[in-house]
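Given next are the chains, with one letter for each unit.
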Amino acid sequence: MRRLYLWTEMLFLFIGLPLLYYFEMIPVHKAIPLVLVFFYCLFIIIKDKKFDREIFRIKRDYPWQDFLLKGSILLIITSIWVYIFRTDVFFHLPRNNFWIWVAVIVSYPIWSAYTQEFIFRAFYYHRYKLLFTNPVVMLLVNAVCFAMAHIIFRNWMALIFTFIGSIIFSYTYLRNKSLNAVFLEHSLYGNILFTNGLGIYFYLPM
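Residues numbered from 1 in each chain as written. Predicted model: local features only at pLDDT ≥ 70, side-chain atom pairs only at ≥ 80, totals over all residues. Heavy atoms only, no water.

Caption draft 1: Seen up close, the confidence of the model for the chain. Chain-level statistics for the chain give a pLDDT mean of 93 and a share of 99% at 70 or above. For the chain, per-element mean pLDDT is lowest for helix α9 (residues 200–203), which scores 87, and highest for helix α6 (residues 135–148), which scores 98. (pLDDT = per-residue confidence, 0-100. Helix = DSSP H or I, 4+ residues; strand = E, 2+ residues; numbered from the N terminus.)

Below, the structure written as structure tokens:
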């Protein structure tokens, strides 16, 4: 019975809700479902005494070199792609709307990156471990769920990037056992995309 409940919960939160929003059956701003799901997951975690709260601890040994290396590669590859295929948005925000860009850089980590990482890494890997015997399958299902959460942006680029990004973020979370580590990584990579113009696929309906 518990497994059935968990499957139902997971499918509703990570597949059902995004589809309802995609088909415009939830007439509210896209940030509202994310916040509501975050507080629901937080409520579940607070009540769960088996949850390892060490993942919230601030550490001194974050893999900064790894983050910066992958971030540099992401910046170079995506910037080249934007320059070739979407020259119209190449570094558009910092060049044309500097203070909006600053606001995005400051706010995105808090209202988006942290909430997403709590839901899709901390909550998901603790809450649904009972459902999976194969860790690779669990990781791939997580990637599908994370990509589905971005179906609201109505473009394939968002789905492809978030599927790949989810695998990277899951690896970081599972290796470091730290929510803050994957939050920092997610924030860095997200802000890179919002800076060089590829973020257009994540804040404008296509």
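Caption draft 2: Local environment of the packing of aromatic side chains. Applying the stated criterion to the full structure yields 29 aromatic pairs. On the numbers, 6.2 Å between centres and 85° between planes, the contact of Phe-14 with Tyr-128 is edge-to-face. Of this pair, Phe-14 sits in helix α1 (residues 2–22) while Tyr-128 sits in the loop between α5 (98–127) and α6; the two residues are 114 residues apart in sequence, bridging distant segments of the chain. Across this residue pair, the class does not change: Phe-14 and Tyr-128 are buried. Ring centres of Phe-51 and Phe-56 lie 5.8 Å apart, and the angle between their planes is 50°; this geometry places the pair in the tilted category. Judged by its relative accessible area of 5%, Phe-51 falls in the buried class. Through pairs of rings, three or more aromatic residues link up here, namely Trp-7, Phe-14, Phe-120, Phe-123, Tyr-124, Tyr-125, Tyr-128, Phe-132, Phe-146, Phe-169, Tyr-173 and Tyr-189. Arg-121 extends its terminal NZ or CZ atom over the ring of Phe-146, reaching a point 4.6 Å from the ring centre. (Phe/Tyr/Trp six-rings, centres within 6.5 Å; stacked < 30°, edge-to-face > 60°. Buried < 20%, exposed > 50% of the residue type's maximum accessible area, 1.4 Å probe, protein only. Lys NZ or Arg CZ within 6 Å of the ring centre and 35° of its normal.)

Caption draft 3: Fine view of the nonpolar core. Judged by nonpolar contacts, the single largest core of 56 residues is most densely connected at Phe-14, Ile-119, Phe-123, Tyr-124 and Tyr-128. Secondary structure elements with two or more residues in this core: α1, α2 (31–47), α3 (64–85), α5, α6, α7 (156–176), α8 (179–196) and α9. Top contributing element to this core by residue count: α5, with nine residues. (Core = buried A, V, L, I, M, F, W, Y, C linked by side-chain atoms within 4.5 Å.)

Caption draft 4: Seen up close, α3. Spanning 22 residues, α3 covers 31 Å between terminal C-alpha atoms, matching the ideal 32 Å at 1.5 Å per step. Within α3, the full set of buried residues consists of Phe-67, Gly-71, Leu-74, Thr-78, Ser-79 and Val-82. Viewed along the axis of α3, the buried residues span an arc of 125°, placing them on a single side of the element. More than 90 degrees from the buried face of α3, the exposed residues found are Gln-65, Leu-69, Ile-76, Ile-77, Tyr-83 and Ile-84. Structurally, α3 contributes buried residues whose contacts are with α7 and α8. (Expected span 1.5 Å × (residues − 1). Arc of directions from axis to C-beta. Contact = heavy atoms within 4.5 Å.)

Caption draft 5: Broad picture of the packing of α7 against α8. Packing of α7 against α8 leaves a shortest axis separation of 8 Å and a crossing angle of 150°. Between α7 and α8, the angle is such that the two are roughly antiparallel. Remark: the crossing between α7 and α8 carries right-handed chirality. On α8, the residues that touch Phe-161, Ile-168, Phe-169, Thr-172, Tyr-173 and Asn-176 of α7 are Leu-179, Ala-181, Val-182, Glu-185, His-186, Tyr-189 and Leu-193. Here the residues of the contact of α7 with α8 are counted per class, giving nine nonpolar, three polar and one charged. (Axes fitted to C-alpha atoms, helices over the stretch in contact; angles between N-to-C directions. Parallel < 35°, antiparallel > 145°, perpendicular 65-115°, else oblique. Left-handed = near helix turned anticlockwise from the far one by under 90°. Nonpolar A, V, L, I, M, F, W, Y, C, P; charged D, E, K, R; others polar.)

Caption draft 6: Examining α5 more closely. Taking 1.5 Å per residue as the helical rise, α5 with its 30 residues ought to reach 44 Å, and the 41 Å between its terminal C-alpha atoms agrees with that figure. If you look at α5, its biggest bend is around 50°, right at Tyr-108, and the proline Pro-109 turns up within four residues after that. (Bend = angle between axes of the 7 residues up to and from the residue.)

Caption draft 7: Representation of a nonpolar patch on the surface in the model. A grouping of Leu-69, Ile-73, Ile-76, Ile-77, Ile-80, Tyr-83, Ile-84 and Phe-85 is seen on the molecular surface, where their side chains present a nonpolar patch of about 870 Å² in accessible area. Mapped onto the elements, Ile-76 comes out in helix α3. Overall, Ile-76 belongs to the exposed group, its relative accessible area being 53%. (Patch = residues over 30% accessible without salt bridge, like charges linked within 9 Å, V, L, I, M, F, W, Y side chains within 5 Å. Areas by Shrake-Rupley, 256 points an atom, 1.4 Å probe, with all protein chains shown as cover. Salt bridge = Lys/Arg side-chain N within 4 Å of Asp/Glu carboxyl O.)

Caption draft 8: Spatial organisation of the pattern of salt bridges. Tallying each qualifying case throughout the model produces eight salt bridges. A salt bridge links Glu-24 to Arg-154, with the shortest nitrogen-to-oxygen separation between them at 3.8 Å. Note that Glu-24 is positioned in the loop between α1 and α2 and Arg-154 in the loop between α6 and α7, a separation of 130 residues in sequence. Judged by relative accessible area, Glu-24 falls into the exposed class, the value being 63%. Accessibility expressed as a relative area gives 31% for Arg-154, which makes it partly exposed. One salt bridge in this structure joins Asp-66 and Lys-70, with 3.3 Å as the shortest N-O distance.

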